[in-house]
Amino acid sequence: MSEESILSDDLLRQLISVGEVDILVGLPTQNNAKTIGETAQIIRSGLLKYFPRARTAILDADAGSRDGTPGLVTAAAISDTGESEMPQSLRTMHCITTTLAGTEKKGTALQTMVAAADLLRARVCAVISPETTRITPEWIDRLVRPIYQDDFDLVTPTYRRHAYDGILITNLLYPVTRALFGRRVREPNPADFAFSGKFGAYLMDRESWWQELGESGAEFCFTAAAIAGDYRLQQSFLGTKDRAENRSADLVLAMRRTLSALFWSLDEYYDAWSNHNSESQPVPTEGAEYETTLEPVRVNRKRFYEMFRSGVADLEPVLATILTTPTLEELKRCINTAEASVPFSDELWARTIYEFAGSYHHAVISRDHIIQALVPLYRGRVYTYLEQINVASPQKVEQDIEAVCRTFERCKPTLAAMWARRQGGS
C-alpha cells in the first residue's frame, strides 16, 4: 500500500518538509484538551532527556477535535518550560498535525502513524494515549530504547493496576492471546506502545490489515501481527496506569472494538495459531511483569449478576445459535444458582469464548449481534471474578489469572473443533 492512499495532501507536504527522523511519537487525539497539553510537553521532555541527538517528531493525528486539541499539542511540543537543566537537542524537533476528515475511528489514526513513520523512515514510532495522566519522561525511554538500541520490533507496556481494573484484559484478551498465539503479552491491546520501522514496513505491505483495521480495535492488531510474523517483542513496565476516562463507558462499544479485533485476527492469522501447539512462552520484560493493588473500591457486584441472569434468559434463542447445547445448558444452570455460589467457572468461560469465536468465524448470525450477545455473559464472568478476589491478596489475584490462562490453553481444542464446523449451535 502507498502512503498517499492514507495520508492527506497537507500531511504529505508536512512530512516531506521534515525529511527523515529517527523517532516519531504519535498521538491519536479527539477532544483531549484537558490532558493533551501536559502529555505532549512530557513527551517532548522525554525525547530531549533520553534522545537529545536523535531526529524527532511528534505527530498529532486528530479525529476532528472541537476543543482546540491540535493547537495545544503544537504549543506544548515547542515549549521549553521546565527544561532549563535538560540536555538540548542537537536537531530540530518537529511537530506535525493532521485532521482525519470524516472519521472517528482510532484505527485510521494508527494507520496514519504507520504510513507517516514509513515515509519519514523512522527507526521507532511510539504511540501514546492522549488520555494518559500518569505519563512521565521515563515512559518514552522505556518504550523507545528497546527498539532504538536493541532492535526489538514491538514494545508493549506493563502497568501497576488495581485488581478491579482491566478485567476484560485479564479474563479475556490476555488468556486468549496467550493460549492461541503462545506468547504471554500482558497488555495485548496496548494504549501506549512502540514499533520498529521494520515492523511498520511489514504492516504497510499487508493489504488486509489496511482494509480492516479502521473497523476494529487497532491496538490488538499490532500485537497479533507481530506475534504471527515472528517479530521480536518486549514488555516495559511503565508504572501506574490511570486514565482520565469515563469509567462507566459503554461496555458494548468497548467489547465491539476489542473483540472484533480479536476475532478478525483469528481469521487473519489462522495458520499461526492453529499450528501452535506448544506451551506458551514468556515475553522479555524490562521491569515488573505486573503489579497489582487492592485499595478499597466500591463495586456493585450484585448488579453484574442480575444483568447476567436477565441477559441469558432474554437472549436464550440467540445464544442457541452461537453456543453448543452443553455450554448453553450449563449457562442456564448458572442463572438458576444462588448468587453467592460463584457459578461461572474458568472452564465454562473458556468454552464460551471459543464457541463465540467459532460462531463469529462462521457468521452464524450478524457478527455484531454475536459480540453484543457476549456482553451479559462477560458480566457474569466479571461477577465471578470479583467474588473470587474480594478478600484476596495480590499474589492470589495473580494465581487466579494464571489459572484462567492455563484453562484457556487446555481448552484450545474447543476452538479448533468450532473452526472446522459449518454451523454453530448444538
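Residues numbered from 1 in each chain as written. Predicted model: local features only at pLDDT ≥ 70, side-chain atom pairs only at ≥ 80, totals over all residues. Heavy atoms only, no water.

Draft legend 1. Highlighting the pairing of strand 2 (residues 56-62). Here strand 2 lies mainly inside the structure; 7 of its 7 residues are buried. Of the two faces of strand 2, both are covered, the one formed by Thr 56, Ile 58, Asp 60 and Asp 62 as well as the one formed by Ala 57, Leu 59 and Ala 61. Here 7 bridges tie strand 1 (residues 23-29) to strand 2, and the two strands are oriented parallel to one another. The residue of strand 2 that forms the bridge with Val 25 is Ile 58. Each parallel crossover has a hand, and for strand 1 linked through helix 2 (residues 33-50) to strand 2 it is right-handed. Note: strand 2 against strand 3 (residues 93-99), 7 bridges, orientation parallel. Bridge assignment links Ala 57 to a residue of strand 3, and that residue is His 94. (Buried < 20%, exposed > 50% of the residue type's maximum accessible area, 1.4 Å probe, protein only. Helix = DSSP H or I, 4+ residues; strand = E, 2+ residues; numbered from the N terminus. Pairing = 2+ DSSP bridges. Right-handed = clockwise from strand over helix to strand, strands pointing away.)

Draft legend 2. Region of the structure containing the packing of aromatic side chains. Across all of its chains, the model carries 19 aromatic pairs by this definition. Ring geometry for Phe 51 and Tyr 148: centres 5.4 Å apart, planes at 75°, overall edge-to-face. Taken as a pair, Phe 51 in the loop between helix 2 and strand 2 and Tyr 148 in helix 5 (residues 137-148) lie far apart in primary sequence, 97 residues in all. What makes Phe 51 buried here is its relative accessible area of 4%. When the centroid spacing of 4.9 Å and the interplanar angle of 55° are considered together, the rings of Phe 193 and Phe 222 count as tilted. You can see Phe 193 sitting in strand 7 (residues 193-196) and its partner Phe 222 sitting in helix 9 (residues 218-228), a full 29 residues away along the chain. There is no split in this pair, since Phe 193 and Phe 222 are both buried. Here the aromatic cluster, defined as three or more aromatic residues joined through ring pairs, consists of Tyr 305, Phe 308, Phe 344, Trp 349, Tyr 378 and Tyr 383. In this structure, Arg 123 packs its charged tip against the face of Tyr 148, placed 4.0 Å from the ring centre. Directly above the ring of Phe 152 sits Arg 232, whose terminal nitrogen or CZ lies 4.0 Å from the centroid. (Phe/Tyr/Trp six-rings, centres within 6.5 Å; stacked < 30°, edge-to-face > 60°. Lys NZ or Arg CZ within 6 Å of the ring centre and 35° of its normal.)

Draft legend 3. Seen up close, unusual backbone geometry. Non-glycine residue Arg 121 carries a positive phi angle of around 55°. Following the sequence through the fold, Arg 121 ends up in the loop between helix 4 (106-119) and strand 4 (124-127). Residue Ala 363 is not a glycine yet carries a positive backbone phi of 50°. Locating Ala 363 in the fold gives a position in the loop between helix 15 (346-362) and helix 16 (367-388).

Draft legend 4. Spatial organisation of the side chain of Gln 14. On the secondary structure map, Gln 14 appears in helix 1 (residues 9-18). At 2.8 Å, the side chain of Gln 14 forms a polar contact with the backbone oxygen of Thr 97. When sequence neighbours within four positions are dropped, the list of residues in contact with Gln 14 reads Cys 95, Ile 96 and Thr 97. (Polar contact = N/O pair within 3.5 Å; in protein donor to acceptor, adjacent residues only side chain to side chain. Contact = heavy atoms within 4.5 Å.)

Draft legend 5. View of the layout of surface pockets. Approximately 220 Å³ is the volume found for the second largest pocket. Taken together, 16 residues form the lining of the second largest pocket, with Ala 179, His 276, Asn 277, Glu 409 and Lys 412 sitting closest to its centre. When contributions to the lining of the second largest pocket are tallied by element, the ones reaching two or more residues are helix 6 (167-181), helix 11 (270-274), helix 17 (394-410) and helix 18 (412-420). The residue inventory of the lining of the second largest pocket, partitioned by class, reads 5 nonpolar, 6 polar and 5 charged. (1 Å grid on protein atoms, 1.4 Å probe; cavity = no way out; pocket = protein on both sides within 12 Å on 5 of 7 lines; lining within 4 Å. Points joined across faces, edges and corners; volume = space filled by probe spheres on them. Nonpolar A, V, L, I, M, F, W, Y, C, P; charged D, E, K, R; others polar.)

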